[in-house]
Every structure is written in C-alpha cells, then in structure tokens.
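Below, each chain spelled out in residue letters.
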Amino acid sequence: MNNRINAIITGVGGYVPDYVLTNEELSRMVDTNDEWIMTRVGIKERRILTEEGLGTSYMARKAAKQLLQKTGTDPDTIDAVVVATSTADYKFPSTASIVLGRLGLKNAYAFDFWAACCGFLFALDQAAMMIQSGRMKKIIVIGADKMSSIVDYKDRQTCPLFGDGAAAVLLEATDEQDIGCLDSYFRCDGKGLPFLHLKAGGSVCPPSYFTIDHRLHYLYQEGRTVFRYAVTNMSDDCALVAERNGLDKDSIQWVIPHQANMRIIEAVAKRLEVSMDKVIVNIEHFGNTSAATIPLAIWENERRLRKGDNMLFTAFGAGFVHGASYYKWAYDAE
C-alpha cells in the first residue's frame, strides 16, 4: 500500500508596517482610552500601512519574499500562490496574481480566497488537499489584510480592533507520515450577514455619492452578537477536533487562535482546559489583522515550535464562518 502524501509547513515569513497606532493616539481621534480598550479586547497597539498607493498585495509580497529567502526556495518550483484576504487591492485582478507577478514566479497559478477572518485557515486546508492529491508539490499560502482601509476611525466601537499585516507559509509535499495538516472541521452558519459586513462597494450596493456621503464603505459590526457566536463556535470546534483525534490538555502543545478579542481567546483555552502558557497570543501589539492573525502568530513564534508539536488552529469570521484544524509541526527552526 502506498503511503499517503502529507502536506507540511516548511517555512514562514511575515511583514507588518512600521507605523504603530497606539491606544493613546486613538484616544485623540475618538472617545476612548487605553483602559477601555485593554479591558474589553486586550489590544495595546496595532500596525498601520500608511504609505499612499500601497495595499494588501504589498504586504503579502514582502511576507512571501522573506519566506522564499529564508527557505532558499527556487521561485520556479512554486506551483501555486493562494492569498486569503478580505481587503483585495482591486475587485479584479486577484491580489494573488499581483503577488505572483511581483515575485516573478513563472510556473505557478494564483487565486484569492475569501473567508474573512477564517481565510488563512480555510486556504491552508484547501492547499493541503491540493498537495495530498499529488498534483501539487509546493504552494505559498498567504494571509494578508489592510484592515485600516475599511475601518471608520470615527467609530469608537470598531476602530480600536483592527490592524494591518501579512504572513506566508510554504506548504510542501512529504512522504513522512503522521505529520502536517491532519484534520479539520469547518462550517458556515450563513446567518451572520446582519451582524458583520461591509455595506457598500459590492454588486448589491455599488459605490455612489450616497454610499460615500453616508460612510457605507466601512466595516460594520454588532459586537455583542459576534462575540457570543465566536466564543461558542471556536470553543466547540476546538473541542470536537481535539476529541476525535484523542488530544487532551497534556498532549496539546500549542493553540493558535484567531486574534480578535482576548476574552474570546481565554474562553477557548478554558473550554480545552489548556493553560494560557500554551496559547500563542499577539493581539496586544498587532490587533485583529483578519486573515493574517494566525500566520503572523506562527511567524512570531516559529523558534518556539518543535517537530512533533500538536497544534490546534481555530478562527471565526463574517458569514458566519468558523472552524478548527489539527496540525502537527514538522521542523525545528534554527
């Protein structure tokens, strides 16, 4: 019997803008303060891409370029580039195609993956299946979002939450067994539209003087509803994946959750009975970077990870979409 082809992460690259938007600065823009923000969401600062003319593809390209350099990968061996984002540079072409072109990849195809804050998690799973099919050997999966482009800095409820950033992983085929992307559980509720969306700019409500005058091109969120759904679903999804793979608090080395709210992260850890020492958190200094949160957390903590570590990824986003993945880490970083 032939061994199954597995898909493993063999490297990670990341990029965050230089500009740091602090809570103190936000307090001069809207009626808020550091204590209010830290108490409710646990965010101290976030990175913002301020340079005119630069968008999500710029950050994604920087992350992918670092990834290729770190891993010493020949760009001509890349089969595909997948960019998970909700803040594409343009309606078309895809952000992934721009990244591919700027990197000079000659033998790959590219596409964007839209699943809001679950984008990277879903894209990683799809890329893993592409590799497991035997048709692909190397895929770059990127989570990238310029959330500052859709945040209303006059809305005190949402503007403290989001930041900009990107991170990329190289996903490769291996014959090694019991390693890499081992299991996942994903769902879409389909009832989340009223609670988390961007009102204008799509085919239902195209841009117009009215949409601009009424500030409809900014993210809208009903925070309490989103919080409740996120806590329930991320906790339940992690518990389900852990149970069906025989994982408990002692056999789980790391939990890497979507970084939306510190209270959500703590609730997930409590449900799994996992110490917060095992939960990777970077929300305090990056905020919610949507599809970039999980890969950025991996990028920042790569040196702490060891081959064979059992890891749970989990996320929740607009739609509502949610899910969890079981991943076994494949290498020790130098």
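Placed above this text is the structure.
Residues numbered from 1 in each chain as written. Predicted model: local features only at pLDDT ≥ 70, side-chain atom pairs only at ≥ 80, totals over all residues. Heavy atoms only, no water.

Enquirer: A description of the pattern of salt bridges should follow, citing residues and the corresponding values.
Expert: Tallying each qualifying case throughout the model produces seven salt bridges. Here Arg28 and Glu24 are joined by a salt bridge, their closest N and O atoms 2.4 Å apart. (Salt bridge = Lys/Arg side-chain N within 4 Å of Asp/Glu carboxyl O.)

Enquirer: For the packing of aromatic side chains, give the residues involved together with the corresponding values.
Expert: Applying the stated rule across the entire model yields nine aromatic pairs. Relative to Tyr58, the ring of Tyr15 lies with its centre 5.7 Å away and its plane at 90 degrees, an arrangement referred to as edge-to-face. Here Tyr58 lies in helix H3 (residues 56-71) and Tyr15 lies in strand S1 (residues 6-15), a separation of 43 residues in the sequence. Assigned by exposure class, Tyr15 and Tyr58 land together as buried. Positioned over the ring face of Phe227 is Arg263, at 4.7 Å from the centre of the ring. (Phe/Tyr/Trp six-rings, centres within 6.5 Å; stacked < 30°, edge-to-face > 60°. Helix = DSSP H or I, 4+ residues; strand = E, 2+ residues; numbered from the N terminus. Buried < 20%, exposed > 50% of the residue type's maximum accessible area, 1.4 Å probe, protein only. Lys NZ or Arg CZ within 6 Å of the ring centre and 35° of its normal.)

Enquirer: Account for the sheet that holds strand S5 (residues 109-113), naming residues and giving values.
Expert: On the basis of which strands lie adjacent, the open sheet formed by five strands has the order S1-S7-S6-S4-S5 and mixed pairing. Looking at strand neighbours, the two that pair on one side only are S1 and S5, the edges of this open sheet. For this sheet, the mean inter-axis angle between neighbouring strands, taken without regard to orientation, is 20 degrees. As defined by bridge partners, strand S4 (residues 80-84) adjoins strand S6 (residues 138-146) across five bridges and the pair is classed as parallel. Among the inter-strand pairings, Val83 is bridged to a residue of S6, identified as Ile142. (Pairing = 2+ DSSP bridges. Axes fitted to C-alpha atoms, helices over the stretch in contact; angles between N-to-C directions.)

Enquirer: Which residues make up the packing of helix H7 (residues 223-244) against helix H8 (residues 262-272), and what values go with them?
Expert: The geometry of H7 relative to H8 is characterised by a closest axis approach of 9 Å and an angle of 30 degrees between their N-to-C directions. The chirality of how H7 crosses H8 is right-handed. Contact with H7, carried on its side by Phe227, Ala230, Val231, Met234, Ser235, Asp236, Cys238, Ala239 and Ala242, involves Arg263, Ile264, Ala267, Val268, Arg271 and Leu272 of H8 and no other residues of that element. Here the contact of H7 with H8 is built from residues that sort into 11 nonpolar, one polar and three charged. (Left-handed = near helix turned anticlockwise from the far one by under 90°. Contact = heavy atoms within 4.5 Å. Nonpolar A, V, L, I, M, F, W, Y, C, P; charged D, E, K, R; others polar.)

Enquirer: Hey, could you go over the sheet that holds strand S12 (residues 310-317) for me, with residue numbers and the actual values?
Expert: The sheet built from four strands is open, its strands ordered S8-S13-S12-S11 with mixed pairing. One side of each edge strand has no neighbouring strand; the edge strands of this open sheet are strand S8 (180-188) and strand S11 (254-257). Between one strand axis and the next, the sheet turns through 15 degrees on average, direction left out of account. Inspection of the sheet shows S12 paired to strand S13 (residues 321-328) by eight bridges, in the antiparallel sense. Among the inter-strand pairings, Gly317 is bridged to a residue of S13, identified as Val321. The sheet contacts of helix H5 (residues 119-132) involve S8, S12 and S13, and relative to S8 the element is tilted by about 130 degrees.

Enquirer: Tell me about the pairing of strand S3 (residues 45-48), and please be specific about residues and values.
Expert: Alternating residues of S3 divide into Arg46 and Ile48, all buried, and Glu45 and Arg47, none buried. Both strand S2 (residues 19-22) and S3 contribute to a ladder of four bridges, which runs antiparallel. From the neighbouring strand, Leu21 faces S3, where its bridge partner is Arg46.

Enquirer: How would you summarise the environment of Ile140 if you had to cite specific residues and measurements?
Expert: The topology assignment puts Ile140 in strand S6. What makes Ile140 buried here is its relative accessible area of 0%. Between the C-alpha atom of Ile140 and that of Thr77, which follows or precedes it by 63 residues, the distance is 11 Å. Setting aside residues up to four positions removed in sequence, Ile140 forms contacts with Ala64, Leu67, Leu68, Ile78, Ala80, Val81, Val82, Ala168, Val169 and Leu170.

Enquirer: Which residues make up the nonpolar core, and what values do they have?
Expert: Counting residues in hydrophobic clusters, the biggest one holds 44 residues, and the most contacted among them are Ile139, Leu171, Phe313 and Tyr327. Considering every element that reaches this core, the biggest residue donor is H5, with nine residues. Those residues within four positions of Tyr327 in sequence are excluded, and the remaining contacts are Ala7, Ile8, Ile9, Gly180, Cys181, Asp309, Asn310, Met311 and Phe313. One finds Ile37, Ile43, Val231 and Phe320 within the second-largest nonpolar core, a separate group that totals 41 residues. (Core = buried A, V, L, I, M, F, W, Y, C linked by side-chain atoms within 4.5 Å.)

Enquirer: Residues and numbers for unusual backbone geometry, please.
Expert: For the peptide bond that leads from Phe92 to Pro93, omega is 5 degrees, which places it in the cis range. Its place among the elements puts Pro93 in the loop between S4 and helix H4 (95-103). Cis peptide bonds are those with omega within 30 degrees of zero, and the linkage from Gly319 to Phe320 qualifies with -5 degrees. Here Phe320 is to be found in the loop between S12 and S13. Although it is not a glycine, Arg215 adopts a positive phi angle of roughly 55 degrees. Mapping Arg215 onto the fold places it in the loop between helix H6 (209-213) and strand S10 (219-221).

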